Amino acid sequence: MIRTKEQESAPMLGFWLYLMTDLMLFATVFATFMVLRHATAGGPSAPELFSMKTVLTETMILLASSLFCGLAWLALRHKKRTDFLMYSIATLLAGAVFLAIEIQEFAQLVHEGFGPSTSAFLSSFFTLVGMHGFHIAIGLLWGIALLIMFAKKGFGSSLARKFALFAVFWHFLDIVWIFIFTIVYVIGVHA
Amino acid sequence: MSAIDDYRKETIRYIVGAVAAAVLTYVVYMVAVEQRLEAVWLAVVALGLAMVQLLVQMVSFLHLGNETKPRWKAQSFVFAFLMATVIMVGSIWIMANLDYNMGMSPQQMDEYMIKQNKKGF
Amino acid sequence: MFGRLSLDYLPHEPATIGAAVAMPLALIAIAVALTYYKKWRWLWREWLTSLDAKKIGVMYIVVAIVMLLRGVADAVMLRMQTALAVGDNPGLFSVDTFQQVFTAHGTIMIFFVAMGLMFGIINVVMPLQIGARDVAFPWLNSVSFWLFVAGMILVNGALLFGGFSNGGWLGYPPLTELQYNPGPGVDYWIWALQIAGIGSLLSGINFTVTILKKRAPGMTLMKMPIFVWSVLVTMVLVMISFPMLTSALSLLALDRTLDMHFFTSNMGGNPMMYINLIWAWGHPEVYILVLPAFGIYSEVVATFARKKLFGYKTMVAALVAIMFFSFVVWQHHFFTMGAGANVNAFFGIMTMIIAIPTGVKIFNWLFTMYRGRIRFTAPFVWFMCFVVTFTIGGVTGVLMAVPALDFQIHNSMFLVAHFHNVIIGGVVFGYLAGITYWFPKVLGFRLHDRLGRWSAYAWQVGFLLAFLPLYALGLMGAVRRIDHYTDPSWQPFFIVSAVGVLTIALGIGLFVLQIGVSVWQRKKLRDTNGDPWDGRTLEWSVPSPAPHYNFAIQPTVSRIDEWWYQKKDGVARPTRNDYKDIVLPKNSGLGVAIGLLCFVFGGAVIWHLWWLAALAFVGVIVVILVRTFDENTEYTMTAEKLYQEAKEARV
């Protein structure tokens, strides 16, 4: 059973509640996307713009990142230094690749002249997916800060507490992505 | 049980969760790309599998079932998810209804009113 | 480099110039006074950087009362205009000024008065009532407050430079889109609310964790004071609904700054979606304002009737029911936007259902009074004014919940009268009662009782004069936000209403006078034993003013109204060995820094100074990192010192 004091502390509960507020933030933007997804104003619609293969790759990379993050936290709790270092670097690398693919996708769209001001549909697409990407970027910075802390001080009780919060954040972002994958891409392109 | 066994067991638990999530994603992908289903059914299947994957990740990555009582994290998640659903479904329902009523051309509006009048209003 | 800054944005209408000159003068006067009396250091050390929840609460209340004066001044201007502007008389203000004034009135009253009073009172009272030394995250609490202040400065800054939004308190697009409103007013409005809103969201998380994790040993959920229950439910509402405000405002800001098309009237945008989103937040928001006030009434009525609250469990059930239902009624704010009968009927019925738990609460209060030994002190008079006013407002609300009827009175003066009826009667009276009730706990002396009662009577009479005519006007066809009308038969009603608003202003004057007189006579009004009202809950068990650590010894709880029964049973005096070392947070100026940086960020975005916005954003992240990696944020207070202080307080 995985039951640690980091998981049930006041900061963890507070951070969890923050994630619930984030969930509501995403929910409203999802709702906006769903309402506006056919409002293309004569511009291109989802099937003309998105490549499902790229999206599947992105999804798998983010899932792998989430897995590595969980394993890193596990290694941290079992005080396995090498494993922790390896897994946490893998987490951040996979996250960075994910973000790079997404930025590339965005740049491509803007380059073709289909930026966020083309139509209500594209405004909501860029905002929803971009908001997730922004969270990922913040997470990457946070992860790097934690790694620097690890390099300086090694395992302290404080690192365990801080990494627990980061891990929950990272898993949460992967869960949000499931719904972006389903609603924006699968339903958006094919239904 | 030794700590090493524990570590291995929990590692396997994470990997099983991730593999299950990957399979679910791939199934949805194949169903969508092969276009075997009608649009509505595709949406239902995709959302259903997304919910399954949500549960898989919640349990295997976030260990949501393992909290001690009172389970504030699980309770707050259920409540927030419920409210998020209410807001999303409600918004779509309201906005679709507005579109239906307000997006008519003048002729359509005439026809609609005549139909309503025949109902006896 | 300078974005769109330009001197053209200086105010040039007499009314705004007057305010724009008066505000800086008042600030300069305060600064001079602080310098003259050498109080800067005291202000910074004792107040601005304090992480003591009670002090943060007092600062919230002070800001909110100053904003109340501003909001009432706006209200007086509005009613003066409508009392005069009939037929050929254009009244006092231009159309544009009038629009800015009603927008400012609504925005300031909701976000910076009602929310400020609410968070202020919660900060002061809630930790004391649950037997905690502080909130769960004291520094975050300070950040929340300074974000509130940053929003407040932005909202007032609009008046000085750039002009206020003219889009109404909820800023409906497409009027608030760039196409129709290119100036900075709407941007001020967006960023002021955005920054203050994020502060509220953080407070919501903070207080929820405080209640869930920091209750005194033995205080199970069903043994919490009812005010704490109301706070818990309110904070859940805050956490669920404020993200929707953040989201709606962000999307509008994206439309305005990055040329997106969420709510524009072209390129596929849909303004109705904004109205949908903002009310999905807006309806829970009114419950966020009123539920803590309900909690205050519950405490006041039980204390002054000297009886335990009637139907504690049904009170809790009603609160929880309201928590759910408040999220499924939002469409009643736009019945007339064109949804069909199914949608309107669903939301209409849900709205009527929510009146049931509210009615349960009213009856519980009445039954608490029944056969009680009532003392008619000022807080109790506020409570009685509330019962009368709020019940009228609730009934007109149920009327408006009928979609067919709403088509007649929507957007009319009837609506204006309805929501002032519930918000003044429910929210404002509640917080004024709360301030009067808990004042001695914070400052050590009571407020002058007779002046308090006079203030309540003036508010009550003024309220009836100001708003009952508006019900009639609404049924006669006067729309809300009207600045001029042609039908002279309306004028008498508007004149009565103007007299009413002046009477309310008199009530506020009496309230301010009450505070002044009480400070003057503070020796006579001193609270010597910490329990001036013969209270029932834990906050009355500590001396007044409450020490900054709240409780020298962690209390334990075994029942509702623990303190009342402890007084009856008698408790043993603590001995030296009962005192233990406690850990307390050190003061921190970083909360002020975050507030300042967010203010700079907001201002920079409003004026399109992108480099400055980027700098301020990075600054916020740096401050957060500094705080996160600072491990020297707490200090220990020894048991010996606590013992000595407690001994002194008893003498």
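Chemist: So what's going on with the overall build of chain C? Residues and values would help.
Modeler: If you tally the helices and strands in chain C, you get 19 helices and 2 strands. Expected size for 651 residues packed as a compact globule is a radius of gyration near 26 Å; at 25 Å, chain C falls within 12% of this value. For chain C, the C-alpha atoms occupy an extent of roughly 75 × 60 × 50 Å along the three principal directions. Among the 651 residues that make up chain C, the fraction classed as buried is 60%. Put simply, 83% of the contacts in chain C that link residues at least 6 apart link residues at least 24 apart. Surface summary for chain C: the accessible area is close to 25000 Å², and the carbon and sulfur share equals 69%. Computing the positive centroid from 45 side-chain charges and the negative centroid from 33, chain C places the two 12 Å apart.

Chemist: How would you sum up helix H9 (residues 312–325) of chain C? Please name residues and give values.
Modeler: With 14 residues, H9 of chain C extends 20 Å from end C-alpha to end C-alpha; this agrees with the ideal 20 Å at 1.5 Å per step. When H9 of chain C is considered as a whole, its buried residues turn out to be Tyr-312, Met-315, Val-316, Ala-318, Leu-319, Ile-322 and Met-323 of chain C. Around the axis of H9 of chain C, the buried residues are gathered within 160° of arc, so they sit on the same side. Next to the buried residues of H9 of chain C lie helix H3 (72–102) of chain B together with helix H7 (226–258), helix H8 (271–305) and helix H10 (341–369) of chain C.

Chemist: A description of the packing of helix H4 (residues 95–129) of chain C against H8 of chain C should follow, citing residues and the corresponding values.
Modeler: Residue and element names in this part refer to chain C. The contact between H4 and H8 brings their axes to 11 Å, and the two run at 45°. Of the possible angle classes, the one that applies to H4 and H8 is oblique. Crossing of H4 against H8: the hand is left-handed. Contact residues: Ile-110, Phe-111, Ala-114, Met-115, Met-118, Ile-121 and Gln-129 in H4; Trp-281, Glu-285, Ile-288, Leu-289, Pro-292, Ile-296 and Glu-299 in H8. Across the contact of H4 with H8, the residue classes tally to 11 nonpolar, 1 polar and 2 charged.

Chemist: Any chance you could break down the pattern of salt bridges for me, citing the residues and the numbers?
Modeler: Residue and element names in this part refer to chain C. Under the defined criterion, the tally for this structure stands at 13 salt bridges over all chains. Among the salt bridges present, the one from Glu-46 reaches Lys-55, with a minimum N-O distance of 3.1 Å. We classify Lys-55 as partly exposed; its relative accessible area is 22%. We note a salt bridge from Arg-576 to Glu-640, for which the minimum N-O separation is 2.9 Å. Within this pair, whereas Arg-576 is found in the loop between helix H16 (562–569) and strand S1 (582–585), its partner Glu-640 is found in helix H19 (residues 639–650), the two being separated by 64 residues in sequence. On the basis of relative accessibility, which here comes to 29%, the residue Arg-576 falls in the partly exposed class. Residue class for Glu-640 comes out partly exposed when judged on its relative accessible area of 36%. Put simply, Arg-4, Asp-187 and Arg-256 are held in one network by salt bridges that share partners.

Chemist: Tell me about the packing of aromatic side chains, and name the residues and values.
Modeler: All names here are of chain A. Under the defined criterion, the tally for this structure stands at 81 aromatic pairs over all chains. When the ring of Phe-84 is compared with that of Phe-150, the centres are 4.8 Å apart and the planes differ by 65°; the resulting orientation is edge-to-face. On the criterion of sequence distance, the pair formed by Phe-84 in helix H4 (residues 81–111) and Phe-150 in helix H5 (residues 120–153) is long-range, its members being 66 residues apart. Taking 5.2 Å as the distance between ring centres and 75° as the angle between the ring planes, the aromatic pair formed by Phe-84 and Phe-163 counts as edge-to-face. Here Phe-84, found in helix H4, pairs with Phe-163, found in helix H6 (residues 157–190); they are 79 residues apart in sequence, far enough to count as distant. Through successive ring pairs, a cluster of aromatic residues spans Phe-15, Tyr-18, Phe-84, Trp-142, Phe-150, Phe-155, Phe-163, Phe-166, Phe-169 and Trp-170.

Chemist: Which residues make up the interface of chain A and chain C, and what are the values?
Modeler: Facing the 33 residues of chain A at the interface are 30 residues of chain C. In total, chain A and chain C occlude about 2500 Å² of area from one another, counting both sides; carbon and sulfur atoms represent 78% of this. Run the count over chain A and chain C and you get 0 salt bridges. Linking chain A with chain C are 5 residue pairs in polar contact (both at pLDDT 80 or more), by the criterion used here.

Parameters and conventions
Residues numbered from 1 in each chain as written. Chains lettered and ligands numbered in written order. Predicted model: local features only at pLDDT ≥ 70, side-chain atom pairs only at ≥ 80, totals over all residues. Heavy atoms only, no water. Helix = DSSP H or I, 4+ residues; strand = E, 2+ residues; numbered from the N terminus. Rg over C-alpha atoms; globule rule 2.2 N^0.38 Å. Buried < 20%, exposed > 50% of the residue type's maximum accessible area, 1.4 Å probe, protein only. Contact = heavy atoms within 4.5 Å. Areas by Shrake-Rupley, 256 points an atom, 1.4 Å probe, with all protein chains shown as cover. Lys, Arg positive; Asp, Glu negative; His and termini not counted. Charge placed at Lys NZ, Arg CZ, Asp CG, Glu CD. Expected span 1.5 Å × (residues − 1). Arc of directions from axis to C-beta. Axes fitted to C-alpha atoms, helices over the stretch in contact; angles between N-to-C directions. Parallel < 35°, antiparallel > 145°, perpendicular 65-115°, else oblique. Left-handed = near helix turned anticlockwise from the far one by under 90°. Nonpolar A, V, L, I, M, F, W, Y, C, P; charged D, E, K, R; others polar. Salt bridge = Lys/Arg side-chain N within 4 Å of Asp/Glu carboxyl O. Phe/Tyr/Trp six-rings, centres within 6.5 Å; stacked < 30°, edge-to-face > 60°. Buried area = accessible area lost by both parts, 1.4 Å probe. Polar contact = N/O pair within 3.5 Å; in protein donor to acceptor, adjacent residues only side chain to side chain.

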